[in-house]
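Listed below are the residues making up each chain.
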Amino acid sequence: MYFILVGTALIGGGIYYIWQLSDGRRVAADAKGSIFRSEYLEDPEEQPEETVISLNAKSWQAAQRECAWHLYGQKFKVFQRKGRWYCTNKVD
């Protein structure tokens with residue numbers, strides 16, 4: 001029974017690993033073919049345009065939370081102009 005569980009876990013882990021690599025993105029690899037999974041390369045055409053979002057926040061902390069919700073998974077910057085908070089994905 002123990003061997004069946006270990007074998008299933010190994011096979012499932014291998015399938016999951018291959019599935020993660022085959023999602024259409026290119027990965028960085030060295031000359032020997034070793035893949036660095038943490039360094040996904042993006043196509044320049046797929047880079048998002050600069051997005052600026054007007055927020056309904058009253059404070060910097062609220063603006064941070066709202067911006068994180070709008071730009072989930074992206075780097076962002078919150079700024080204030082003429083008393084209104086804004087959020088952008090253009091980070092200097």
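Residues numbered from 1 in each chain as written. Predicted model: local features only at pLDDT ≥ 70, side-chain atom pairs only at ≥ 80, totals over all residues. Heavy atoms only, no water.

With respect to the element layout, N89 can be found in the segment after strand 5 (84–88). Within polar-contact distance, the side chain of N89 engages the backbone nitrogen of T51 at 2.8 Å. In terms of polar contacts, N89 uses its side chain to reach the side chain of Q74, at 3.4 Å. (Helix = DSSP H or I, 4+ residues; strand = E, 2+ residues; numbered from the N terminus. Polar contact = N/O pair within 3.5 Å; in protein donor to acceptor, adjacent residues only side chain to side chain.)

Together, Y2, F3, V6 and L10 line one region of the surface with nonpolar side chains, adding up to about 510 Å² of accessible area. In this structure, Y2 sits in helix 1 (residues 2–21). (Patch = residues over 30% accessible without salt bridge, like charges linked within 9 Å, V, L, I, M, F, W, Y side chains within 5 Å. Areas by Shrake-Rupley, 256 points an atom, 1.4 Å probe, with all protein chains shown as cover. Salt bridge = Lys/Arg side-chain N within 4 Å of Asp/Glu carboxyl O.)

The next point concerns the sheet that holds strand 3 (residues 52–54). Each strand in a sheet pairs with another by means of backbone hydrogen bonds, the pair being arranged parallel or else antiparallel. Pairing within the open sheet is antiparallel, and its three strands lie in the order 3-5-4. Among the strands making up the open sheet, the edge pair consists of strand 3 and strand 4 (77–81). Looking at each pair of strands side by side, their axes are set apart by 30° on average, direction ignored. Where strand 4 and strand 5 come together, five bridges link them in antiparallel fashion. Residue pairing in the sheet places F79 in a bridge with Y86 of strand 5. Strand contacts of helix 2 (residues 60–70): strand 3, strand 4 and strand 5, with the helix running at about 130° to strand 4, the strand carrying the most contacts. (Pairing = 2+ DSSP bridges. Axes fitted to C-alpha atoms, helices over the stretch in contact; angles between N-to-C directions. Contact = heavy atoms within 4.5 Å.)

Once that is clear, we can look at the packing of aromatic side chains. Under the criterion given, the structure shown has one aromatic pair. Between F79 and Y86, the ring centres sit 5.7 Å apart and the planes meet at 20°, which makes this aromatic pair stacked. A relative accessible area of 23% means that Y86 is categorised as partly exposed. (Phe/Tyr/Trp six-rings, centres within 6.5 Å; stacked < 30°, edge-to-face > 60°. Buried < 20%, exposed > 50% of the residue type's maximum accessible area, 1.4 Å probe, protein only.)

This brings us to the nonpolar core. Residues I53, L55, A57, A62, A63, C67, L71, V78, W85 and C87 constitute the largest nonpolar core, which totals 10 residues. Sorting elements by how many residues they give to this core places helix 2 first, with three residues. Contact partners of V78, with chain neighbours within four places excluded, come to W60, A63, Q64, C67, W85 and Y86. (Core = buried A, V, L, I, M, F, W, Y, C linked by side-chain atoms within 4.5 Å.)

Quick look at helix 2 now. Residues of helix 2 that are buried include every one of A62, A63, E66 and C67, and no others. Buried positions in helix 2, seen along its axis, are confined to an arc of 130° and lie on one side of it. Pointing more than 90 degrees away from the buried face of helix 2 are the exposed residues R65 and W69. Elements that come into contact with the buried residues of helix 2 comprise strand 4 and strand 5. (Arc of directions from axis to C-beta.)

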